[in-house]
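Close look at the chain arrangement
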Amino acid sequence: QVHVVESGGGLVQAGGSLRLSCAASRRTGSNFAMGWFRQAPGKAREFVAAVAWSGGSTYYADSVKGRFIISTDNSKNTVYLQMNSLKLEDTAVYYCAASASGFGDVGMGYSFEGLYDYWGQGTQVTVSS
């Protein structure tokens, strides 16, 4: 089992920044990858960003590209989501997840929930005007 714990959510003003953290209890192997998803009330969960640990390839949803940055701290098995230029529509519960299989050699399926095996509890991000 891999335990995933998110932190760093809170209330932030539109245009501001917030950094989320997610610590995994361990990495499963060379294909290990982690991603961030979010879900607003009444809406489906959507992909935000992901990173393949080996090689460091990153992937972003179009809605956050250029504003959010995903990064890792290998020594801590921790992934971060730096959120800049926050908008009201970024308000959601943010979940981090870990994938044992990863995305393959060509980075396929990084936005598919089915590729992620372990999920955190979620952390609330609220953007105010």
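To start, this report covers the structure provided alongside it. All of these numbers come straight from a predicted model, not from anything done at the bench.

1. Side note on the packing of aromatic side chains
- In this structure the tally under the stated criterion is 10 aromatic pairs.
- Between F32 and W53 the ring centres are 5.5 Å apart and the planes differ by 55 degrees, which places this aromatic pair in the tilted class. Within this pair, whereas F32 is found in the loop between β3 (18-24) and β4 (33-39), its partner W53 is found in the loop between β5 (46-52) and β6 (58-60), the two being separated by 21 residues in sequence. Across the pair, exposure class does not vary: F32 and W53 are buried alike.
- Ring geometry for Y59 against F103: centres 5.7 Å apart, planes inclined by 85 degrees, an arrangement best described as edge-to-face.

2. A closer look at the sheet that holds strand β7 (residues 68-73)
- Taken in spatial order, the four strands of this open sheet run β1-β3-β8-β7, and their pairing is antiparallel. With partners counted over all chains shown, the strands left at the sheet margins are β1 (4-7) and β7, one partner each. Taking each pair of neighbouring strands and ignoring which way they run, the sheet shows an average axis angle of 15 degrees.
- For β3 and strand β8 (residues 78-83), the ladder comprises six bridges, and the chain directions are antiparallel. Bridged to A23 within β8 is T78.

3. Here's the deal with the pairing of β1
- Burial of β1 is one-sided: the residues V4 and E6 facing one way are buried, the residues V5 and S7 facing the other way are not.
- Across four bridges, β1 lies against β3 in antiparallel orientation. For S7, the partnering residue across the bridge sits in β3 and is S21.

Calculation notes
- Residues numbered from 1 in each chain as written.
- Predicted model: local features only at pLDDT ≥ 70, side-chain atom pairs only at ≥ 80, totals over all residues.
- Heavy atoms only, no water.
- Phe/Tyr/Trp six-rings, centres within 6.5 Å; stacked < 30°, edge-to-face > 60°.
- Helix = DSSP H or I, 4+ residues; strand = E, 2+ residues; numbered from the N terminus.
- Buried < 20%, exposed > 50% of the residue type's maximum accessible area, 1.4 Å probe, protein only.
- Pairing = 2+ DSSP bridges.
- Axes fitted to C-alpha atoms, helices over the stretch in contact; angles between N-to-C directions.

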